[in-house]
Amino acid sequence: MAERRLLVLFGSQTGTAQDTAERIGREAKRRHLQCRVEALDSCDVANLIHEPLVVFVCATTGQGDPPDNMKMFWRFLFRKNLPAGSLCQLDFAVLGLGDSSYPKFNFIAKKLHKRLLQLGGNPLLPVALGDDQHDLGPDAVIDPWLVALWDKILALYPLPPGVEIIGPDVSLPPKYTLHYLPEDCPQPDSDLLQPTAPRAAPCELHPFAARVLSNQRVTAQSHFQDVRLIEFDIAGSGITFSAGDVVMIQPQNCPEDVQQFCQLLRLEPDRCFVLKPTEPSTSLPPLLPQPCTIRYLVTHYLDISCVPRRSFFELLSYFSTNELEREKLQEFSSAQGQEELFSYCNRPRRTTLEAMWDFPHTTCAIPADYLLDLIPRIRPRAFSIASSMLAHPERLQILVAVVRYKTRLSKPRRGLCSTWLASLNPEQGDVRVPLWVKKGGMKFPADPATPVIMIGPGTGVAPFRAAIQERVALGRRGNCLFFGCRHKSGDFYCQTEWEELVAKGFLTLFTAFSRDQ
């Protein structure tokens, strides 16, 4: 009998494609298939020729771009020298996640499907195009498509005689098990972020711990929005950047939320543990030290402030000892309950921690082993760099609007990263932020004589501040900036800087203050 194995590969920017890929992995395990779930750039593409069955789950980002964790795969797949029949042994299916309000809706999934056909792959199903704009979100397409997919796969790889599909009433084993160490064991180094001499340029797996030099509010105290100009010291990091580049920042949860979470789940924050994968093929999560404390795990890794997904409620329902809570959790994880879940979670932007408060009997019954299955990791946040190395060597500046807004919930919603960054006070000692730099999508002309028109209202002016600093440092004139905000006296960022450049003849500035007229 043919080996029953499935590879699920995902390209994910915000975590939705990864969440869907992991769902397919769980459904494969219920059908007794050997299954690996990996990011496209983590797998060796050359080995695709040995894979009998692959499901691709891909998001589309920006203007029809592949997500960061599938860019290398994408370049390899479109090499001209790949032979036409090289994937003729491959049965495949492609599931796309996109947003139909963008012109290049699901562009990556469509193009991938077409390319796999060119290389000789055999499609099990037409490409699925999940749409964020649908009332029920991408699940409206995913749910029926998965039903059809499993029919196809089980026809090709039937269950062995006497083996049944594991029903939805049985929970699968966790990805990792937590092994607590004796209470008297020495505490691991709480801060992984020792600013070490970098081996190579910092990246997501090896961020640089940059010292915060200043954190200055650039809006008037009376203005409704708090916007910060934050400066980091990147001396010795090996980081270089130019105008248009982006800095990625790895945020953390606030101590009050961490404390609440530990109380709700009856966890001891200072207990040390090591993680053991349940299956030998599963690698340990990067960025988590071994051994690790519960406090470190909850502060730096588990995204307890994100809006929980359907899979969260599905897994939670298995631990529920309370009938009322279990019924509600099962409703939220069913296809029929998606509208109700949207009203409960997405519309008011309810956080994972708040959802746990609403299911107290279930929450205190969650086994610690399942924490990493239940709650996704904290994703890094991207900011346009707002300074030039030519004007500020060994420094990096960003312009951050602190995210705070009201929904029908009594407590205002706060952005995880911007709130954390705004709270950092460099006068209170050595404050550090894990960061690394990525190439941006914005390119400025190489020819110094080319004039540039820049339109950047609000914090959208950040990359243009970097470009103007860079161009002025190189003596380039012909810089024209259109800047808009609400009030000249409230949120006219960098006003003196712009006015000085205008006086020196380096900048032509057009302003629009929408509330001052």
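For the structure itself, consult the block above.
The paragraphs below set out a description of the structure included in this document. Just so we're clear, the structure is a prediction, and the values are computed from it rather than from any experiment.

**A look at the side chain of Arg413**
Part 1 of the argument: When you line up the elements, Arg413 lands in strand E16 (residues 413-414).
Part 2 of the argument: At 2.7 Å, the side chain of Arg413 and the side chain of Glu354 are in polar contact.
Part 3 of the argument: Among the polar contacts made by the side chain of Arg413, one reaches the main-chain carbonyl oxygen of Lys411 at a distance of 3.0 Å.
Part 4 of the argument: When neighbours within four sequence positions are excluded, Arg413 is seen to be in contact with Pro348, Arg349, Arg350, Thr351, Glu354, Val403, Arg404, Tyr405 and Thr407.

**Here's the deal with the sheet that holds strand E8 (residues 208-217)**
Part 1 of the argument: Reading across from one edge, E13-E10-E17-E8-E9-E14 is the order of the six strands in this open sheet, with antiparallel pairing throughout. This sheet does not close on itself; its edge strands, each paired only once, are strand E13 (381-384) and strand E14 (395-401). Neighbour-to-neighbour, the strand axes of the sheet open up by a mean angle of 40°, direction not taken into account.
Part 2 of the argument: Sheet topology places strand E10 (residues 246-249) next to strand E17 (residues 432-438); four bridges connect them, and they run antiparallel. Looking at the pairing, Ile249 lines up with Leu435 of E17.

**Examining the sheet that holds strand E11 (residues 272-277)**
Part 1 of the argument: Across the sheet, which stays open at both edges, the three strands sit in the order E7-E11-E12 with antiparallel pairing between neighbours. Strands at the two margins of the open sheet, each flanked by one partner only, are strand E7 (176-180) and strand E12 (292-293).
Part 2 of the argument: Direction of pairing for E11 relative to E12: antiparallel, over a ladder of two bridges. Bridge assignment links Cys272 to a residue of E12, and that residue is Thr293.

**What to know about the environment of Phe506**
Part 1 of the argument: Following the sequence through the fold, Phe506 ends up in the loop between helix H15 (495-503) and strand E20 (507-513).
Part 2 of the argument: On the basis of relative accessibility, which here comes to 15%, the residue Phe506 falls in the buried class.
Part 3 of the argument: On a C-alpha basis, the gap between Phe506 and Ile249 in space is 32 Å, while along the polypeptide they are 257 residues apart.
Part 4 of the argument: Here Phe506 is in contact with Val472, Gly475, Arg476, Arg477, Asn479 and Leu501, once residues within four sequence places are set aside.

The rules we used
Residues numbered from 1 in each chain as written. Predicted model: local features only at pLDDT ≥ 70, side-chain atom pairs only at ≥ 80, totals over all residues. Heavy atoms only, no water. Helix = DSSP H or I, 4+ residues; strand = E, 2+ residues; numbered from the N terminus. Polar contact = N/O pair within 3.5 Å; in protein donor to acceptor, adjacent residues only side chain to side chain. Contact = heavy atoms within 4.5 Å. Pairing = 2+ DSSP bridges. Axes fitted to C-alpha atoms, helices over the stretch in contact; angles between N-to-C directions. Buried < 20%, exposed > 50% of the residue type's maximum accessible area, 1.4 Å probe, protein only.

Any functional reading would require information beyond the geometric quantities listed.
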